[in-house]
Amino acid sequence: HRADPTHSQLQGMYSWLILFMLTLISTILGIYVVPKMEQIFKDFRVPLPWEFRLLVNVFNTALPPLLAAVAAIALLVHLGRWSRAIFVRANRPSFFRPIVDRLRWWLPIFHAIERDRGLADACEIFADGVEQARTLPEALLLSNRSHLNLGLQKKLQRWYDAMVQGQNLHEAGVAAGMPALVTAFLSDGTSPQGVGPALRFLSRYYRGRQERLRIAINAAIAPATSLVLGAMVALVSLPIFRTMQVL
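Residues numbered from 1 in each chain as written. Predicted model: local features only at pLDDT ≥ 70, side-chain atom pairs only at ≥ 80, totals over all residues. Heavy atoms only, no water.

Colleague: Break down the packing of helix 3 (residues 97-106) against helix 4 (residues 108-131) for me, with residues and values.
Modeller: Between helix 3 and helix 4, the shortest axis-to-axis distance is 5 Å and the interhelical angle comes to 105°. One way to sum up the angle between helix 3 and helix 4 is to call them roughly perpendicular. Across the interface between the two elements, Arg104, Trp105 and Trp106 from helix 3 touch Pro108, Phe110, His111, Glu114 and Arg115 from helix 4. By residue class, the composition of the contact of helix 3 with helix 4 is four nonpolar, one polar and three charged. (Axes fitted to C-alpha atoms, helices over the stretch in contact; angles between N-to-C directions. Helix = DSSP H or I, 4+ residues; strand = E, 2+ residues; numbered from the N terminus. Parallel < 35°, antiparallel > 145°, perpendicular 65-115°, else oblique. Contact = heavy atoms within 4.5 Å. Nonpolar A, V, L, I, M, F, W, Y, C, P; charged D, E, K, R; others polar.)

In structure tokens form, the structure reads like this:
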């Protein structure tokens, strides 16, 4: 399942728009609103409420570095994509791929995405090789493609090495640390004629898991964004309203 490029572009534009609006509003509040409110309290010789003092501290200390860091990261990401699209071939491995793949393999949600997507592709290619009358080790080696996560590639390579050393498909999978569902479907009782359909089922199963997780994440993005933005609005508006009540 390939993502819609138009949808991806709209998401990128929306992220830049949100970042621009946050920077603009924060700049206006920090330059014009907050100093004027401080001067008004100073003229009336009234102490500032603790909520407003907290807001001032946030604007003076935490907010500028945070916005600068977010802007720098977003700029580097877009510059990296732009330069890669122009100067780098799509099939050329990235210099940072070992680090990125390792992080994705160990982080909880990213691990599930990488594992399910990789196993779906590997099982499908494995099934193609078996149905083409290739030997099981040869078909397994064929399924270990370069686009898979490096963590999964190592497991598939260990699975292949164990089969070459004389273990059957099930025992080699267990020794390589493959998921229990995969090794259970490829147990000792599975005949060579049944390996192909079992791999097809595993491919559909992991493809469905990845799709369900993708839908759940996409559905959670909008509520999470609303909560974060609502919290930021409350952080800015409540101290101002509290200050107006004091005056």
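Colleague: Account for the pattern of salt bridges, with residues named and values stated.
Modeller: In this structure the tally under the stated criterion is eleven salt bridges. Two residues, Asp101 and Arg97, come together in a salt bridge whose shortest N-O distance is 3.0 Å. Here the residue Asp101 and the residue Arg97 both occupy positions in helix 3, the gap between them amounting to four residues, near one helical turn. The exposure class assigned to Asp101 is buried, which follows from its relative accessible area of 6%. (Salt bridge = Lys/Arg side-chain N within 4 Å of Asp/Glu carboxyl O. Buried < 20%, exposed > 50% of the residue type's maximum accessible area, 1.4 Å probe, protein only.)

Colleague: Describe the packing of aromatic side chains, and please don't skip the residues or the numbers.
Modeller: Under the defined criterion, the tally for this structure stands at three aromatic pairs. Ring centres 6.0 Å apart and planes at 85° place the aromatic pair Phe126 and Trp159 in the edge-to-face group. Linking Phe126 in helix 4 with Trp159 in helix 6 (residues 150-164), this pair joins segments that are 33 residues apart in sequence. For Phe126, a relative accessible area of 2% translates into the label buried. We classify Trp159 as buried; its relative accessible area is 3%. Measuring from ring centre to ring centre gives 5.1 Å for Tyr205 and Tyr206, while their planes differ by 75°; the resulting arrangement is edge-to-face. A relative accessible area of 30% means that Tyr205 is categorised as partly exposed. (Phe/Tyr/Trp six-rings, centres within 6.5 Å; stacked < 30°, edge-to-face > 60°.)

Colleague: I'd like to hear about the packing of helix 3 against helix 6, residue by residue, with values.
Modeller: It is the contact of helix 3 with helix 6, at a shortest axis distance of 8 Å, that shows an interaxial angle of 85°. Between helix 3 and helix 6, the angle falls in the class roughly perpendicular. Residues Arg97, Pro98, Asp101, Arg102 and Trp105 of helix 3 touch helix 6, and the partners they reach there are Leu150, Gly151, Leu152, Gln153, Lys154 and Lys155.

Colleague: Describe the side chain of Asn144, and please don't skip the residues or the numbers.
Modeller: Considering the arrangement of structural elements, one finds Asn144 in the loop between helix 5 (136-143) and helix 6. If we skip the residues at most four places from it in the chain, Asn144 touches Gln153, Leu156 and Gln157.

Colleague: Please provide a residue-by-residue account of helix 6, values included.
Modeller: Between its first and last C-alpha atoms helix 6 spans 21 Å; for 15 residues at 1.5 Å apiece the expected length is 21 Å, and the two agree. Regarding helix 6, the residues found buried are Gly151, Leu152, Gln153, Leu156, Trp159, Ala162 and Met163. On its buried face, helix 6 sits against helix 3, helix 4, helix 5, helix 7 (169-176) and helix 8 (180-185). Between the side-chain oxygen at the start of helix 6 and the backbone nitrogen of Gly151 there is a gap of 2.8 Å, and the oxygen is on Asn149. Gly166 sits one or two positions beyond helix 6 and adopts a positive phi of about 115°. (Expected span 1.5 Å × (residues − 1). Polar contact = N/O pair within 3.5 Å; in protein donor to acceptor, adjacent residues only side chain to side chain.)

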